[in-house]
2 protein chains.
Amino acid sequence: MNAQTTLFLSRDDAELRQKIGEVAPQIEIVSRAQLKDHPERIEHIEIAYGGLGRDQIANATALKWFQNGGAGVNGLLSPELAARDVTITSVSGIHARCIAEHLFGMLLSLTRELHSAREAQNRREWKPLGANTLSLYGKTLGVLGVGAIGAQIARVGRAFEMKPIGLRRGRAGHPEIETMFSPENRLEFFAQAQIVMNTLPLTDATRGFMGEAEFEALPDGAIVLNAGRGATIDTTALLRGLQSGKLRAALLDVTDPEPLPAAHPLWEMPNVFITAHYAGAHPEYNAEADAIFLDNLRLYLAGEPLHHVVDKTAGY
Amino acid sequence: MNAQTTLFLSRDDAELRQKIGEVAPQIEIVSRAQLKDHPERIEHIEIAYGGLGRDQIANATALKWFQNGGAGVNGLLSPELAARDVTITSVSGIHARCIAEHLFGMLLSLTRELHSAREAQNRREWKPLGANTLSLYGKTLGVLGVGAIGAQIARVGRAFEMKPIGLRRGRAGHPEIETMFSPENRLEFFAQAQIVMNTLPLTDATRGFMGEAEFEALPDGAIVLNAGRGATIDTTALLRGLQSGKLRAALLDVTDPEPLPAAHPLWEMPNVFITAHYAGAHPEYNAEADAIFLDNLRLYLAGEPLHHVVDKTAGY
């Protein structure tokens, strides 16, 4: 281990510092506050755990490894960075359980009429509902993007006795998925998907992935959920699908644009449910992200390959 | 087959009548309207599919088999009926998937802050939440009552990577349940259950099953859900658990009393979510119940044992 290794720490947390000390006793830590006071120290940073923007990374000429604290790196990746010898790692895996919980929560809120139930409760009104419920049982679940998150979604879907089909680059099969499709035969995928759960990252290949033709291909009454990136769905095509009655509902944790302006028509469309980009948020998040970083730090110092390395060309 | 067999049909549905005709071409059907016009025909009814109350059953002296259309028979069972040679069958199995969807919908509405998200949406406000979310992952799920419904609950819990423990009469193990408890060691069960999903039927043995001692035994911050029968929980003890802060939340599809009067304190307690006894309602309900009845009708006419027979002593 090189005693001069400098680590930038976005979140300055005593417990995290202590754990880093156990793994790398001689590492030099630069906090966000220190970097603000001494911006020239950016040039010495070899490892960064979160918190650097594109411009800072451009100035971090000694940077070898950037551990991102979130799942998506689309805000970070520049052609310049992709060309540099910097390894980028993510914590995408820790979002899987949380996002699956969030998406099924949004879905069941709709299919079990829970918003109406809440409104009845606010009126202190005992109003048995059920006429507009929908069973998940037997429905075909279209898992759009099959990474760690998509796999967990499929697993939960199977427990609810749904039929998960998937779409991923390369079309490699997955034990939780009954039939796998690739971007090339996406219309066949959408034609079967009664409930779509989209967790695509945003890349050149996924921007506007669900457009006019894809919505048209969906079965009538389809439900579309998005917890990937807003811009993977063409908002105009989505609005048209909602207005025409083609879609039963859209349940969106991410939108395009984001934040969604107050005047945007999506806010008040019937059967649209919006949560403000927090599907991946959970109280244990930092502890789980730290565990991935610390594990990678051990590997880095030992010169071994890191986990959760981002493919800078693919963009995730 | 006896050409004189008379069947009372609570729901007069052309499709159901046609299917009955295929199974039993010569059966005589008495509809609800016909029975109203000719109440004396009650004495000829040998089979009833739903819709008879206690008084009518007492007068149905020729009754041999009562197929209930719901899961619970607590409103129906009298000591007189229990003593008579009348077979009672339920459709309890068809509630399993639906009730599991409802309970996890209620739970995730809470743990993912979806009510707050809906309110923010109503204000057209992009407000990322997440500070009060709770992961299901890793939590111990107390499945109170392990029949078809409890088993499906446990299965979904496992997909969310929860740890299902169960409580059932007789303590027989179940593949979806890690540890099984019996009513005798219920306090050990409650001591571990961070999230309780109660689907107990109402019997003499389950009335007030969750009382003062059981709430006291729960871990601090426990969440209690009830989709069984309201009176299996002592409402006073529940209110105390909510007021003291012992409970994080109560999510209730059934209450005691029911319907819940407008003045009842449960309506406006923080972290109480009430749905008005419709966890088992789903659009495909009648079709699934009819399939069970028709299957049983075939068996009955062939003199074979029926499916889903209610234990009149146990009460479910």
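Residues numbered from 1 in each chain as written. Chains lettered and ligands numbered in written order. Predicted model: local features only at pLDDT ≥ 70, side-chain atom pairs only at ≥ 80, totals over all residues. Heavy atoms only, no water.

**What to know about the packing of helix α5 (residues 96-111) of chain B against helix α7 (residues 148-159) of chain B**
When two helices pack together, their arrangement is given by the angle between the helix axes and the distance between those axes. Residue and element names in this part refer to chain B. α7 packs onto α5 with a crossing angle of 50° between their chain directions and a minimal axis gap of 8 Å. The orientation of α5 with respect to α7, classified from their angle, is oblique. Once α5 is placed against α7, the crossing between them reads as right-handed. Where α5 approaches α7, its residues Ala96, Arg97, Ile99, Ala100, Leu103 and Phe104 are matched on the opposing element by Ala148, Ile149, Gln152, Ile153, Val156 and Gly157. (Axes fitted to C-alpha atoms, helices over the stretch in contact; angles between N-to-C directions. Helix = DSSP H or I, 4+ residues; strand = E, 2+ residues; numbered from the N terminus. Parallel < 35°, antiparallel > 145°, perpendicular 65-115°, else oblique. Left-handed = near helix turned anticlockwise from the far one by under 90°. Contact = heavy atoms within 4.5 Å.)

**Observations regarding the pairing of strand β11 (residues 247-252) of chain A**
All names here are of chain A. Within β11, five of the six residues are buried, which leaves it mostly tucked inside the rest of the structure. Sheet analysis places strand β10 (residues 222-226) next to β11, joined by five bridges and oriented parallel. Bridge assignment links valine 224 to a residue of β11, and that residue is alanine 250. Taking the sense of rotation as the criterion, the β-α-β connection linking β10, helix α10 (residues 235-243) and β11 turns out right-handed. The pairing of β11 with strand β12 (residues 272-274) spans three bridges and is parallel. Note that in β12 the partner of alanine 250 across the bridge is valine 272. (Buried < 20%, exposed > 50% of the residue type's maximum accessible area, 1.4 Å probe, protein only. Pairing = 2+ DSSP bridges. Right-handed = clockwise from strand over helix to strand, strands pointing away.)

**Brief notes about the interface of chain B and chain A**
With 61 residues of chain B at the interface, the matching set in chain A holds 62 residues. Both faces combined, the contact of chain B with chain A buries some 5,300 Å², and carbon together with sulfur accounts for 55% of it. On the chain B side of the interface with chain A, the three residues burying the most area are Glu101(B), Arg124(B) and Trp126(B), jointly 18% of the side's total. Seen at the junction of chain B and chain A, the total is eight salt bridges. In this structure, the salt-bridge partner of Glu268(A) is Arg124(B), at a minimum N-O distance of 3.2 Å. Mapped by element, the contributors of at least two residues to the side of chain B that touches chain A are α5, α6 (114-122), α7 and β12 (272-274) of chain B. Looking at the side of chain B that touches chain A element by element, the count peaks at 10 residues for α5(B). Taken together, the residues of the side of chain B that touches chain A sort by class into 30 nonpolar, 14 polar and 17 charged. (Buried area = accessible area lost by both parts, 1.4 Å probe. Salt bridge = Lys/Arg side-chain N within 4 Å of Asp/Glu carboxyl O. Nonpolar A, V, L, I, M, F, W, Y, C, P; charged D, E, K, R; others polar.)

**Thoughts on the domain arrangement of chain A**
Residues and elements named next belong to chain A. Per the domain assignment, the segments making up chain A are domain 1 (6-93 + 284-301) and domain 2 (96-274). Taken residue by residue, the interface counts five residues in domain 1 and six residues in domain 2. Approximately 400 Å² of surface area, both sides summed, lies buried where domain 1 meets domain 2, with 38% of it carried by carbon and sulfur atoms. Of all residues in domain 1, the largest losses of buried area upon contact with domain 2 belong to Asn74, Ser92 and Gly93, amounting jointly to 73% of the total for that side. Linking domain 1 with domain 2 are one salt bridge. Arginine 97 is the salt-bridge partner of glutamate 288, the closest N and O atoms lying 3.4 Å from each other. The interface formed by domain 1 and domain 2 contains one residue pair in polar contact (both at pLDDT 80 or more). (Domains from an automatic or database assignment. Polar contact = N/O pair within 3.5 Å; in protein donor to acceptor, adjacent residues only side chain to side chain.)

**Description of the pattern of salt bridges**
Evaluation of the coordinates by the stated rule reveals 32 salt bridges over all chains. Notably, a salt bridge pairs Asp290(B) with Arg11(B), separated by 2.7 Å at the nearest N-O pair. Of this pair, Asp290(B) sits in helix α11 (residues 285-301) while Arg11(B) sits in the loop between β1 (6-9) and α1 (14-23), and the two are 279 residues apart along the sequence. Using a relative accessible area of 8% as the deciding quantity, one classes Asp290(B) as buried. Given the relative accessible area of 25%, Arg11(B) is considered partly exposed. Each of Arg97(A), Arg155(A), Glu288(A) and Glu161(B) takes part in salt bridges that share partners, so that together they form one network.

**Structural notes on the packing of helix α5 (residues 95-111) of chain A against helix α7 (residues 148-159) of chain A**
All names here are of chain A. Taken N-terminus to C-terminus, the directions of α5 and α7 make an angle of 50°; their axes are 8 Å apart at the nearest point. What the angle tells us is that α5 and α7 run oblique. Judged by the twist between their axes, the crossing of α5 over α7 is right-handed. On the side of α5, the interface is formed by His95, Ala96, Arg97, Ile99, Ala100, Leu103 and Phe104, while α7 contributes Ala148, Ile149, Gln152, Ile153, Val156 and Gly157.

**Some remarks on the environment of Gln152(B)**
Checked against the element boundaries, Gln152(B) lands in helix α7. Each C-alpha atom, one on Gln152(B) and one on Ala96(B), is 6.1 Å from the other, the two residues being 56 residues apart in sequence. Once residues lying within four places of it in the same chain are set aside, the contact partners of Gln152(B) are Ala159(A), Phe160(A), Glu161(A), Ala96(B), Arg97(B) and Ala100(B). At 2.9 Å, the side chain of Gln152(B) and the backbone oxygen of Ala159(A) are in polar contact.

**Examining the nonpolar core**
Considering soluble globular proteins, one finds that nonpolar side chains tend to be buried as a cluster. Grouped together as the largest cluster of nonpolar side chains are 72 residues, with contacts concentrated most on Phe104(A), Phe160(A), Phe104(B) and Phe160(B). In this structure Phe104(B) touches Leu108(A), Phe160(A), Leu136(B), Leu141(B), Ile153(B), Val156(B), Gly157(B), Phe160(B), Met162(B) and Met197(B), once residues within four positions along its chain are discounted. (Core = buried A, V, L, I, M, F, W, Y, C linked by side-chain atoms within 4.5 Å.)

**Examining the sheet that holds β12(A)**
All names here are of chain A. Here seven strands make up an open sheet; going across it, the order is β8-β7-β6-β9-β10-β11-β12 and the pairing parallel. Here the strands that pair on one side only, and so sit at the sheet edges, are β8 (179-181) and β12. Within this sheet the neighbouring strands show an average axis-to-axis angle of 15°, counted without direction. By the bridge criterion, four bridges tie strand β6 (residues 140-144) to strand β9 (residues 195-198) in an arrangement that is parallel. Of the residues in β9, the one forming a bridge with valine 143 is methionine 197. Strand contacts of α10: β11 and β12, with the helix running at about 140° to β11, the strand carrying the most contacts.

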